Structures are given as C-alpha cells and as structure tokens.
Amino acid sequence: MTGHHDDYHALLARREAMRLRDNLLRPSRSAGGDGGHPPTQTFQPYDGLADQEAITRSLAAVTPFNTLIDRLYEAMFSHHPYLRQLFPDSMEFQQAHLEQAFWYMIDNLSRPDELTGFFARLGRDHRRLGVLPVHYEVFEAALVAALRGCAGRAWTVEAEEAWVRMVRTCSAAMVNGAERAIGEPVSWNATVTEHERRGPDVAVVRVRPGEPYPFRAGQYARVESPLMPHTWRPYTPACVPGEELEFHVRRTGAGGVSDALVTHTRVGDELRLGPAQGRATLDEQLDRDVLIVAGGTGWATAKALLQEFSHRRPAGLSAHLFLGKRTEADTYDEAALSRMEERSPWLRVTRVLDDGRQGDTLMDAVLKAGAGAGGTDWTRHTTFVSGPAGLVASASWRLAEAGVPADRVRHDPLPVTSSSNSSTHGAPVGQAGVPGMTARGMTTQGMAAPAMVRFTMGASAQR
Ligand SMILES: NC(=O)C1=CN([C@@H]2O[C@H](COP(=O)(O)OP(=O)(O)OC[C@H]3O[C@@H](n4cnc5c(N)ncnc54)[C@H](O)[C@@H]3O)[C@@H](O)[C@H]2O)C=CC1
C-alpha cells in the first residue's frame, strides 16, 4: 500500500514540477503577474550580471531585509493560511535563512552554475518540508507584494523584473533538484540506540536509520526531534556510512533542538533526518596530505573525515588535526581521539586550549606550525575547517593570507544566525578578527573572503 501511495505522490510531484517548469520557461508574465507593470514581451536568455547590477542599484529601497521578509511571510500566510503549518512555531531562524538566501543569490548571480547547483541541492533538501512546486509561485507573488510594499514609490519595473528573474532561476533549480531526487526518501526515520551524556551540555547520540542513509564523511544531516516539529538543525555524523550514525550535540540554550537532543531524548526515540548535504568531503582521488582545524563539537566532522582517510589513505599521505577546546575538562570524546591517534602513525594531533578570549589561538597554533624553515607547508595540503562560525571565518581568511588556495580550504556552511542574535556559541559571525568582514561573509571592501562566498548559507546555528 505504502509503495502505491508513494508512487502516486511521486507522480503528482512530477506533474507539478513539469507544470511549474513550463510556467518558468514560457515567455515571462508581467513581474508579479497582477498587471501593475507592463509585461515583458519576450523571453530573454538569463543575464545574471545585469540583474545583479539592477538589484544592487535598488537595494537601499528594500533593505534591511528583515522588514521585507516580515512582509513577505505576512502576504504569504494571509493569502494561504494553510501554509503556516509547514513552518516551525518560531519563524526566527526561517527568516534569518531567507535573508542569507537573498544575499547568497545576489552575490552569486554572475555565477549561474554555482547558483543553480546550490539551489538544486536545496530543492532536494526542501522535500522533507513538504514543499511543492506550486509553493514557489506563491512565494514569488508574496515576494513581489513585499518588495512593492517596502519600496513604495521608489520601486522600479527594472528592479522588480530583476528580482523575479533571480528568484525564478533559483526556484527552477530547486524544482529540478527535487525532481532529480524523486527516487530517494524525503527523509529518514532513525531510532536512537545510544544516548550518552558526556558533560553538562554535550551528548553523543547514536541512531539507526530505518533504511540505508547515503552520505559521505564530512557531510551533514538536518535532524528533527519529535519534540520540536518542523525545526531542523544540522549535525555532521561523526562516522563513515554504516548501520548506525553518531551525532555530537552541544546544548546551546533551553528550548532548542540541541536541548531536546541532549536533555530530553532517550534510547528508543525516533528522530528524522533530511538528506545529507555539504561539499566538505575528501577528494575522490587522494593525493595530498590533509590538515583539519576543528573547534569543540566540530570534532564530529574531523572524526568522520579521519575515519574515511584511514580507510582510503594511499601510502605516504598524512593528516594533521588541530583541535581547539575551551577548557581542559572539555574533552567529551577524548577516548576515541586517543584510540585513533594510537592506531594511526600517519596522524598528528595538536590539542589547543583556547577559551576564545585571547584572539585567535587555534589558528595561531596552525600558522605557527607552518612557519619557518622547518614548518609544514600548508599550501600543499587539502584543508578542512569545522567548528564555530568565527573559527571558520578566521581560518578561511588567515589560510588565504598564508597562500593556501581557496579551493583547497573546505568547510561546513557558515551557520545562519538570527538577526536578533548574531552569536553562535559566543562566536559572532563576522567578528572573528577578520578585517572588514561583514555578517554576510563579504568584506567591506566588496571583495569576497576566500572560500567564504560559496558556503555562506545552508546550516542553522545549532540551537
Ligand atoms: N555538532 C556537529 O556535528 C558539528 C558542529 N559544528 C559547529 O561547531 C561549533 C561547535 O561549538 P562548540 O562545541 O560550542 O565550540 P566552542 O564554542 O566551545 O569553540 C571550540 C573552539 O573553537 C575555537 N573558536 C571558538 N570561537 C572562535 C572564534 N570566534 N574565532 C576563532 N576560533 C574560535 C576555539 O579554539 C574554541 O576552543 C558549533 O558552532 C557547531 O555549529 C560544526 C560541524 C559539526
């Protein structure tokens, strides 16, 4: 029965996707579709650069984005109240996500492959939220209403059409991404098989998915607890694919997903996992030594990557892990790390006590080890960074300064932080000693911080 049911829904989703794609590709409707502006006559090949300029010219009229986004959701829920149930009770993170998404779109408009690749992956991931192709049309109409409402008389047809083209390009990519993933589950149920408190705020949680969960070491999964429906937070499995997954969760406050997972979750509980995301994985062909810079529970990513590296490592290649911890007592998985260290002569581990008050101690240690005649040449390594946003930002920046090519520094998406609270674990995005870095991952000089732009969104702060 379930099989037929799924097929039926897959068929419906496919038809919806085709209908939307036809709409997206047919000669453009008037932007917003309500006749308020003259229609565009012919369908033009998409010119992301021209739209980027048009949108940037008119940004002052619609920023800061939080008012625009408030109006957008207001318009959407007042016209389609049933859609509210697809969203979590608190819209705070949702709004922060969308703000990041807008910046990401604008920043990457002149890189169509990056943009469509990113939104295709997002579309695949959004299936777990019950998003259907028709919702993108609803979103577009709400956005246009919000843009007009925010900008008032300052609004231009040119700016509106650029926004609509931008958003349609991304929606089309999301629909395509969802359609391509039609053969895989929307989400995976997983039963908690072990739950170990490793300190007042940290738990190591093992789960067994009901069906095989495909992922690569270094990727993350969005996790939903039944205690907080519709609220998903990303965690990186601290393991390679197998029957069970291991998650490392630090509770960062009361009432969030991390609190539910650390404090209120027991063996036998069911969690839901979204499809694996992220590109901070080892290369297919391993031909470089590996440097991993990890802070706190960012160790989860390091653990997974090192496990895969140990299985696939060609003779002669080595790995160096720099692990930052805030206090001596903060060693929630030290036994596993020591075991790995003992068994792996190719692995070097430098533990760094770094309470975050002395500037950038962890990265200082990395760069010190790379300095001077006897230092390790990090420019030849493939580097992974995993941990608080401030660490990711400063590591990307400082490694670039040290001459490490941007495409060889990989990291999780920078956590999205809510606009009211820009701090993740006390690590404010953009204030990590990165000169001129703003909260959107761009420098004030207008230059993208290396390796930053490609991942400025996607994950939420783990609360
Ligand atoms: N649990 C998981 O699966 C994963 C978690 N993460 C992220 O890792 C972070 C871990 O948080 P906690 O364990 O609370 O770490 P934490 O806040 O205790 O920090 C750990 C270490 O990171 C470094 N650090 C912290 N803030 C910094 C800053 N502003 N600039 C430079 N270095 C800084 C320091 O060396 C510090 O000792 C979270 O933001 C989480 O989103 C990343 C990947 C996987």
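Conventions we followed
Residues numbered from 1 in each chain as written. Predicted model: local features only at pLDDT ≥ 70, side-chain atom pairs only at ≥ 80, totals over all residues. UniProt positions renumbered as here; feature names shortened; annotations may be inferred. Helix = DSSP H or I, 4+ residues; strand = E, 2+ residues; numbered from the N terminus. Contact = placed C-beta atoms within 7 Å. Pairing = 2+ DSSP bridges. Axes fitted to C-alpha atoms, helices over the stretch in contact; angles between N-to-C directions. Domains from an automatic or database assignment. Nonpolar A, V, L, I, M, F, W, Y, C, P; charged D, E, K, R; others polar. Core = buried A, V, L, I, M, F, W, Y, C linked by C-beta atoms within 7 Å. Buried ≥ 20, exposed ≤ 12 C-beta atoms within 10 Å, placed from the backbone. Near = placed C-beta within 6 Å. Right-handed = clockwise from strand over helix to strand, strands pointing away. Parallel < 35°, antiparallel > 145°, perpendicular 65-115°, else oblique. Left-handed = near helix turned anticlockwise from the far one by under 90°.

Looking at an unreviewed UniProt entry, one finds the protein named nitric oxide dioxygenase, with Streptomyces laurentii as its source organism. Recorded in UniProt for the protein, the comment headed Cofactor (unreviewed entry) runs: "FAD". Of the protein, the UniProt comment under Sequence similarities (unreviewed entry) reads exactly: "In the C-terminal section; belongs to the flavoprotein pyridine nucleotide cytochrome reductase family."

Caption draft 1: Examining the overall build of the protein more closely. Within the protein, the regular secondary structure consists of 13 helices and 15 strands. Within the protein, contacts between residues at least 6 apart in sequence are counted, and of these 75% link residues at least 24 apart.

Caption draft 2: Fine view of the sheet that holds strand E7 (residues 290-295). Strand order in the open sheet formed by five strands is E9-E8-E7-E10-E11, with parallel pairing between adjacent strands. Each having just a single partner strand, strand E9 (347-353) and strand E11 (409-411) make up the two edges of the open sheet. Geometrically, the sheet is characterised by an average inter-axis angle of 15° between neighbouring strands, direction not taken into account. Across three bridges, the pairing between strand E10 (residues 382-386) and E11 is parallel. Considered in E11, the bridge of Thr383 is made with Val409.

Caption draft 3: Looking closely at the UniProt feature "domain: Globin" (unreviewed entry) in the protein. When the UniProt feature table is mapped onto this chain, "domain: Globin" (unreviewed entry) is found at residues 46-179. With 76% helix and 0% strand, residues 46-179 has end C-alpha atoms that lie 22 Å from one another.

Caption draft 4: Here's a closer look at the domain arrangement of the protein. When its domains are assigned, the protein resolves into domain 1 (2-180), domain 2 (188-273) and domain 3 (290-460). Going through the elements one at a time, strand E2 (202-209), strand E4 (232-235) and strand E5 (245-250) are the ones with two or more residues in the side of domain 2 that touches domain 3. Taken together, the residues of the side of domain 2 that touches domain 3 sort by class into 10 nonpolar, five polar and three charged.

Caption draft 5: The arrangement of the nonpolar core in detail. Core analysis: the biggest nonpolar cluster contains 60 residues, and Ile292, Val293, Leu305 and Leu321 have the highest contact counts within it. Counting the residues that make up this core, at least three belong to each of domain 2 (188-273) and domain 3 (290-460). Other than its neighbours up to four places away in sequence, Ile292 contacts Ala302, Leu305, Ala319, Leu321 and Phe384. Membership of the second largest hydrophobic core comes to 39 residues, among which are Ala120, Tyr136, Ala142 and Ala172.

Caption draft 6: Fine view of the site of the ligand. Close to the ligand lie 30 residues, the nearest being Gly295, Gly296, Gly324, Asp354 and Gly390. When residues of the shell around the ligand are traced back to their parent elements, those giving at least two are E5, helix H10 (299-312), strand E8 (319-325) and helix H13 (389-401). In terms of residue class, the shell around the ligand is made up of eight nonpolar, 16 polar and six charged. Taken domain by domain, the makeup of the shell around the ligand includes at least three residues from each of domain 2 (188-273) and domain 3 (290-460).

Caption draft 7: Structural detail: the sheet that holds E5. Read across the sheet, six strands follow the order E4-E3-E6-E1-E2-E5 without closing on themselves; strand pairing throughout is antiparallel. Each edge of the open sheet is held by one strand with a lone partner, namely E4 and E5. When the angles between neighbouring strand axes are averaged without regard to direction, this sheet yields 40°. Two elements, E2 and E5, share six bridges in a ladder whose sense is antiparallel. By the bridge assignment for E5, Val202 is matched with Arg250.

Caption draft 8: Up close: the pairing of E8. A large share of E8 lies buried, amounting to seven of its seven residues. Sheet topology places E7 next to E8; six bridges connect them, and they run parallel. Residue Leu291 lies in a different strand from E8, and its bridge partner there is His320. Tracing the backbone out of E7, into H10 and back to the parallel element E8 gives a crossover that is right-handed. Bridge analysis of E8 against E9 gives seven bridges, and the strand direction is parallel. Following the sheet pairing, Ala319 is matched in E9 by Leu347. After leaving E8, the chain enters helix H11 (residues 334-343) and then returns to the sheet as E9, a path that is right-handed.

Caption draft 9: Quick look at the pairing of strand E3 (residues 221-224). Taking every second residue as pointing to the same face, both faces of E3 are buried, with Ala221 and Val223 on one and Arg222 and Glu224 on the other. Here E3 runs beside E4; their pairing, made up of four bridges, is antiparallel. Of the residues in E4, the one forming a bridge with Val223 is Arg233. The pairing of E3 with strand E6 (residues 270-273) spans two bridges and is classified as antiparallel.

Caption draft 10: Molecular detail of the packing of helix H2 (residues 48-57) against helix H8 (residues 157-180). In the contact formed by H2 and H8, the axes pass within 9 Å of each other and the chain directions differ by 125°. By the angle between their directions, the pair H2 and H8 is classed as oblique. Crossing of H2 over H8 shows left-handed handedness. Every residue of H8 that contacts H2 at Asp51, Ala54 and Ile55 is listed here: Glu158, Ala159, Ala162, Trp163, Arg165 and Met166. Taken together, the residues of the contact of H2 with H8 break down into six nonpolar, no polar and three charged.

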